[in-house]
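# Examining the three-dimensional arrangement
Spelled out, the chains give:
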Amino acid sequence: MEHIETYLAQLGNRSDQRTGAVNTPIYLSTAYAHPGLGESTGFDYSRTANPTRNILQEGIKNLEAGDYGFATSSGMAAIQLVIEGLLEAGDHVVTLQDLYGGTYRYFHAVEERGQYRFTYCLSAEEIEQSLNDDVKLVFIETPTNPMMTEFDIQAIADKAHAVGALVVVDNTFYTPVLQQPLRQGADVVVHSATKYLAGHNDVLAGLVACRGEAIGEALAFQLNTTGATLGPIDCWLTIRGLKTLALRMNQHQSNAQAIVDYLKTESLVSQVFYTGKGGMVTFEMADQSKINDWLHAVKIFTFAESLGGVESLVTYPKTQTHADIPEELRLKYGLNDGIVRLSVGIENGQDLVKDLRNAFDHIR
Ligand SMILES: *Cc1c(COP(=O)(O)O)cnc(C)c1O
């Protein structure tokens, strides 16, 4: 593959030989005529395969260095596809406590129904201690949301594979521009493409990439059977967003660094969590009672529940993304009531720093 910037910018181009369309067409047709008995153009019915979706699926497959790619109706649908497509009733999953709140809610719900069993870990050591022949799958996020803890994918994959468990990594925060988990031993990568990949807070989408025929065919069967595929217009919007991903990630990261440099000098901030990569910055407000006033005072940052778009957002995990996680569990990994999460956008970095500084001055 050429460099990632080139691949991204060209994604889906020259797919239509007949017209020479530079950009990929949106194929809305759900049904495709058969040339004859037992013959197919490769397309029969849109749940099974759609030309626009194929381009996006080929894109995520190559971006993540996988053998198969899938596009789903949301990030949660991608996670559900992988869990239900690869596990049997009663199977045991080892995962992290510090997870996207919706993932935790889903895991908790299927466990309550008796479908699968989960062990929640706070560290790489706990993951290692939880691994045994009974474990079928390890599901991690790195970095974690919102505490920004990084995990060594290769080390976890080596240990998981030694007991015959598969490794699934949620790569939503770093994207394939910054991290390619399949190259570090993971078997499956999932994305909420709603975030950085689509990048404009205008499409809900999930993507999956995986290695090996057994996993790929199991997921293809599951997606065609259950049907949570991504619609062609949303596939096109995601392809359109991906074209600028590398450029956007650079700007997200340099703006995040400028904000971190400022937050570290801000006396009203007691802790800053940033890995040095990407656009997500979490910090702890020294005085929790001032958070509401502070949220009212930011003008460029929007108080909203998402991340990864071109515009800067601020989230309060306690009442938003992580509201379904019991308090005593949250506190165990540092997600206390002072934690605020920034999704740093691609605006001018100094404007963003000024916006935050003004808001702190307002509550000082
Ligand atoms: C948002 C998010 C999800 C869920 O994706 P949706 O597209 O909202 O369904 C999963 N994992 C992470 C890390 C997320 O940020």
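As the structure is a computational prediction, the values presented were derived from the model and not from experiment.

Of all the 5 residues making up strand 12 (residues 339–343), 5 are buried; the element is thus mostly covered by neighbouring parts of the structure. Here 3 bridges tie strand 11 (residues 313–315) to strand 12, and the two strands are oriented antiparallel to one another. In the sheet register, Thr 315 faces strand 12, and the bridge partner there is Arg 341.

Around the ligand, a shell composed of 14 residues is seen, among which Gly 75, Asp 170, Ser 192, Thr 194 and Lys 195 lie nearest. Contact between the ligand and Ser 192: an oxygen atom at 2.8 Å from a side-chain N or O atom of the residue. One of the side-chain N or O atoms of Thr 194 is found 2.7 Å from an oxygen atom in the ligand. Its free accessible area being 380 Å², the ligand has 93% of it covered by the protein chains. When grouped by side-chain class, the residues that make up the shell around the ligand number 6 nonpolar, 6 polar and 2 charged.

Counted according to the given criterion, the structure contains 10 salt bridges. Where Asp 91 meets Lys 136, a salt bridge forms, and the shortest distance between an N and an O atom there is 3.3 Å. Residue Asp 91 is located in the loop between helix 3 (75–86) and strand 2 (92–96), and its partner Lys 136 is located in strand 4 (residues 135–141); the two are separated by 45 residues in the primary sequence. Put simply, Arg 364 and Glu 266 hold a salt bridge, and the shortest N to O gap is 2.9 Å. Highlighted residues: Arg 364 in the segment after helix 13 (349–363) and Glu 266 in the loop between helix 10 (245–263) and strand 8 (269–273), separated in sequence by 98 residues. The network of salt bridges with common partners includes Glu 266, Asp 361 and Arg 364.

Considering the arrangement of structural elements, one finds Asp 98 in the loop between strand 2 and helix 4 (101–112). In this structure Asp 98 is buried but unpaired, with Arg 341 as the nearest side chain of opposite charge at 9.0 Å. A distance of 2.5 Å separates the side chain of Asp 98 from the side chain of Thr 144, its partner in a polar contact. Not counting residues within four places of it along the chain, the set of residues in contact with Asp 98 comprises Glu 141, Thr 144, Asn 145, Pro 146, Met 147, Thr 149 and Tyr 333.

Attention now moves to the packing of aromatic side chains. Throughout the structure, instances matching the rule amount to 11 aromatic pairs. When the ring of Tyr 106 is compared with that of Phe 107, the centres are 5.9 Å apart and the planes differ by 50°; the resulting orientation is tilted. Judged on exposure class, the residue Tyr 106 and its partner Phe 107 are both buried. Within the aromatic cluster, the residues linked to one another by ring pairs are Tyr 104, Tyr 106, Phe 107, Phe 118, Tyr 120 and Phe 139. The ring centre of Tyr 100 lies 5.0 Å from the NZ or CZ of Lys 195, which sits over that ring.

So, on to the domain arrangement of the protein chain. Domain annotation for the protein chain reports domain 1 (4–244) and domain 2 (246–363). Taking the mean C-alpha position of each, domain 1 and domain 2 sit 27 Å from one another. Taken together, the contact pairs 33 residues of domain 1 with 34 residues of domain 2. Summing both sides of the interface, domain 1 and domain 2 together bury roughly 2,900 Å²; the carbon and sulfur share of this comes to 63%. Where domain 1 packs against domain 2, one counts 0 salt bridges. Where domain 1 packs against domain 2, one counts 11 residue pairs in polar contact (both at pLDDT 80 or more). Put simply, the parts of the chain that give the side of domain 1 that touches domain 2 at least two residues each are helix 1 (4–9), helix 4, helix 7 (175–178) and helix 9 (232–242). Tallying contributions element by element places helix 4 first for the side of domain 1 that touches domain 2, with 4 residues. Residue composition of the side of domain 1 that touches domain 2, by class: 17 nonpolar, 11 polar and 5 charged.

Two faces, one strand: in a regular strand the side chains alternate between the faces of the sheet. Among the 7 residues that make up strand 4, 6 are buried, leaving the element largely enclosed by the rest of the structure. Two elements, strand 2 and strand 4, share 4 bridges in a ladder whose sense is parallel. Residue pairing in the sheet places Val 94 in a bridge with Val 138 of strand 4. As defined by bridge partners, strand 4 adjoins strand 5 (residues 166–170) across 5 bridges and the pair is classed as parallel. Counted as the bridge partner of Val 138 is Val 167 from strand 5.

Taken together, the 7 strands give an open sheet; going across it, the order is 1-7-6-5-4-2-3, and neighbouring strands pair in mixed fashion. Among the strands making up the open sheet, the edge pair consists of strand 1 (68–72) and strand 3 (117–121). Each strand axis lies, on average, 20° off the axis of its neighbour in the sheet, ignoring direction. Packed onto the sheet, helix 3 meets strand 1, strand 4, strand 5, strand 6 (188–192) and strand 7 (206–210) and runs at close to 155° relative to strand 6.

Rules used in this analysis
- Residues numbered from 1 in each chain as written.
- Predicted model: local features only at pLDDT ≥ 70, side-chain atom pairs only at ≥ 80, totals over all residues.
- Heavy atoms only, no water.
- Buried < 20%, exposed > 50% of the residue type's maximum accessible area, 1.4 Å probe, protein only.
- Helix = DSSP H or I, 4+ residues; strand = E, 2+ residues; numbered from the N terminus.
- Pairing = 2+ DSSP bridges.
- Near = heavy atom within 4 Å.
- Polar contact = N/O pair within 3.5 Å; in protein donor to acceptor, adjacent residues only side chain to side chain.
- Areas by Shrake-Rupley, 256 points an atom, 1.4 Å probe, with all protein chains shown as cover.
- Nonpolar A, V, L, I, M, F, W, Y, C, P; charged D, E, K, R; others polar.
- Salt bridge = Lys/Arg side-chain N within 4 Å of Asp/Glu carboxyl O.
- Lys, Arg positive; Asp, Glu negative; His and termini not counted.
- Contact = heavy atoms within 4.5 Å.
- Phe/Tyr/Trp six-rings, centres within 6.5 Å; stacked < 30°, edge-to-face > 60°.
- Lys NZ or Arg CZ within 6 Å of the ring centre and 35° of its normal.
- Domains from an automatic or database assignment.
- Buried area = accessible area lost by both parts, 1.4 Å probe.
- Axes fitted to C-alpha atoms, helices over the stretch in contact; angles between N-to-C directions.

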